[in-house]
Structures are given as C-alpha cells and as structure tokens.
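Take a look at the letters that make up each chain.
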Amino acid sequence: MEGQYSEKVMEHFRNPHNVGEIPDADGVGNVGNPVCGDIMRLYIKVDENEVITDAKFKTFGCGAAIATSSMVTDLVKGKTITEALRISNRAVAEALGGLPKIKMHCSVLAEQALRSAINDYLAKHGKPTIKEPRSIHENSGEPNLGD
Ligand code: FES
C-alpha cells in the first residue's frame, strides 16, 4: 500500500493523533460509508466562545480514513465553529500531501464526521443547525453539496 500514499498519510496512519473519546464532549458525530462499510465517530469540545478546544476520534476503517480522521482532528483544534465548517475534504487531503483518487471518499467521511459533530453541538445548544452533512459521491472526491 505504500508508494501510492504520501509520507504524511503513512505517518498519520501509523501514529494517528487524537485517537479516543471525549466522555463529556459537546458534540459527537457519527458517520459511515455504506459502500466500504467504514465508520467514523468524532468528538469535539467547544468553549463559550465557540472555539473547538479539543477533538478526538474513533475510526473503524481503512488507512486513509484513519489518516484523514487524524488530520481533521488536528486541523479543527483552536478553530471556531464557523472556521471549522469551512474545512473541506480537499483541505484535509491536501494537508496530508494528497490522497489517491480512489481514496478521496475517505476524506469526505472525515469532513462529514466533523460536520455531524458540529451539528450535534449546535442542536444541543439550541442553535440553528447546518445542512445535513455532505453526502458521499463515490470516488470522485466531489461532495454532493447542494450548497
Ligand atoms: Fe472507506 Fe476509506 S475505504 S473510508
């Protein structure tokens, strides 16, 4: 499997950052890809200024799903909810030095997990929720946006 993956992907796959749970999380996102069967759970801790102070994940999935979970949890820390919503699957993949085309959907799963966790946070705090997490457009890396 090495070779087609960047060194950064391999690094995050071998030593993923932020693995685990946040028991008193402010938002939890659960997503899965029905095609490959991979699932991802992402936890966020949010302070009173809407800054994400911590993020952790549990992913049952492929190496790229683990690497993108690791990267997305790194990327969101210290960001506000509004900033975090701008993190696209492409940004996650780019931060990893790119992903093979057929693995772009793994980065979509990471983006969806983040959006799902943010939605959970917003709903729990009586704030207007965002649109449903983007849906997976198999293999293209192009999320089905609708926005
Ligand atoms: Fe399904 Fe990577 S193969 S998320």
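Preceding block: the structure.
Worth saying up front: this structure is predicted, and the values here are computed from it rather than measured.

Caption draft 1: View of helix α2 (residues 63-76). Compared with an ideal rise of 1.5 Å per residue, which puts 14 residues at 20 Å, α2 spans 20 Å between its outermost C-alpha atoms and is within 8% of the ideal. Most of α2 sits out of view: 12 of its 14 residues are buried. When α2 is considered as a whole, its buried residues turn out to be G63, A64, A65, I66, A67, T68, S69, S70, M71, V72, T73 and V76. Its buried side turned inward, α2 meets α1 (7-14), β2 (39-46), β3 (52-60), α3 (81-84), α4 (89-95) and α5 (104-124). Note on α2: the residue one or two positions beyond its end, G78, has a positive phi of about 90°.

Caption draft 2: Seen up close, the pairing of β3. The pairing of β2 with β3 spans eight bridges and is classified as antiparallel. When the sheet's bridge partners are listed, R41 is paired in β3 with K58. Taking the residues between adjacent antiparallel strands as the criterion, β2 and β3 are bridged by five residues, where E50 takes a positive phi near 65°.

Caption draft 3: Broad picture of the pattern of salt bridges. In this structure the tally under the stated criterion is seven salt bridges. In this structure, D26 and K45 form a salt bridge, with 3.7 Å as the shortest nitrogen-oxygen distance. Of this pair, D26 sits in the loop between α1 and β1 (27-32) while K45 is found in strand β2, placing the two residues 19 residues apart along the sequence. Three or more residues are tied together by salt bridges with common partners; here these are D24, D26 and K45.

Caption draft 4: Region of the structure containing the packing of α2 against α5. Two elements in contact, α2 and α5, have axes whose closest approach is 8 Å; the angle formed by their N-to-C orientations is 40°. Judged on the interaxial angle alone, α5 and α2 are oblique. By crossing handedness, the relation of α2 to α5 is classed as right-handed. Between α2, through A64, A65, T68, S69, V72 and V76, and α5, the contact on the second element is made entirely by C106, S107, A110 and L114.

Caption draft 5: Here's a closer look at the nonpolar core. In this structure, I44 and I81 are the most contacted members of the largest nonpolar core, which totals 34 residues. Elements that contribute at least two residues to this core include exactly α1, β2, β3, α2, α3, α4 and α5. Per-element tally for this core: the top contributor is α5, with 10 residues. The residues touching I81, leaving out its near neighbours within four places in the chain, are I44, V46, E50, I52, I118, Y121 and L122.

Caption draft 6: Representation of the sheet that holds β3. As summarised here, the arrangement of the three strands in space is β1-β2-β3, forming an open sheet in which the pairing is antiparallel. In this open sheet, the two edge strands, each paired with only one partner strand, are β1 and β3. Put simply, the sheet's adjacent strands are angled 15° from each other on average, direction ignored. Its contacts with the sheet place α2 against β2 and β3, and it is angled at close to 175° to β3. Against the sheet, α5 contacts β1 and β2, and its axis sits at roughly 145° relative to β1.

Thresholds applied
- Residues numbered from 1 in each chain as written.
- Predicted model: local features only at pLDDT ≥ 70, side-chain atom pairs only at ≥ 80, totals over all residues.
- Heavy atoms only, no water.
- Helix = DSSP H or I, 4+ residues; strand = E, 2+ residues; numbered from the N terminus.
- Expected span 1.5 Å × (residues − 1).
- Buried < 20%, exposed > 50% of the residue type's maximum accessible area, 1.4 Å probe, protein only.
- Contact = heavy atoms within 4.5 Å.
- Pairing = 2+ DSSP bridges.
- Salt bridge = Lys/Arg side-chain N within 4 Å of Asp/Glu carboxyl O.
- Axes fitted to C-alpha atoms, helices over the stretch in contact; angles between N-to-C directions.
- Parallel < 35°, antiparallel > 145°, perpendicular 65-115°, else oblique.
- Left-handed = near helix turned anticlockwise from the far one by under 90°.
- Core = buried A, V, L, I, M, F, W, Y, C linked by side-chain atoms within 4.5 Å.

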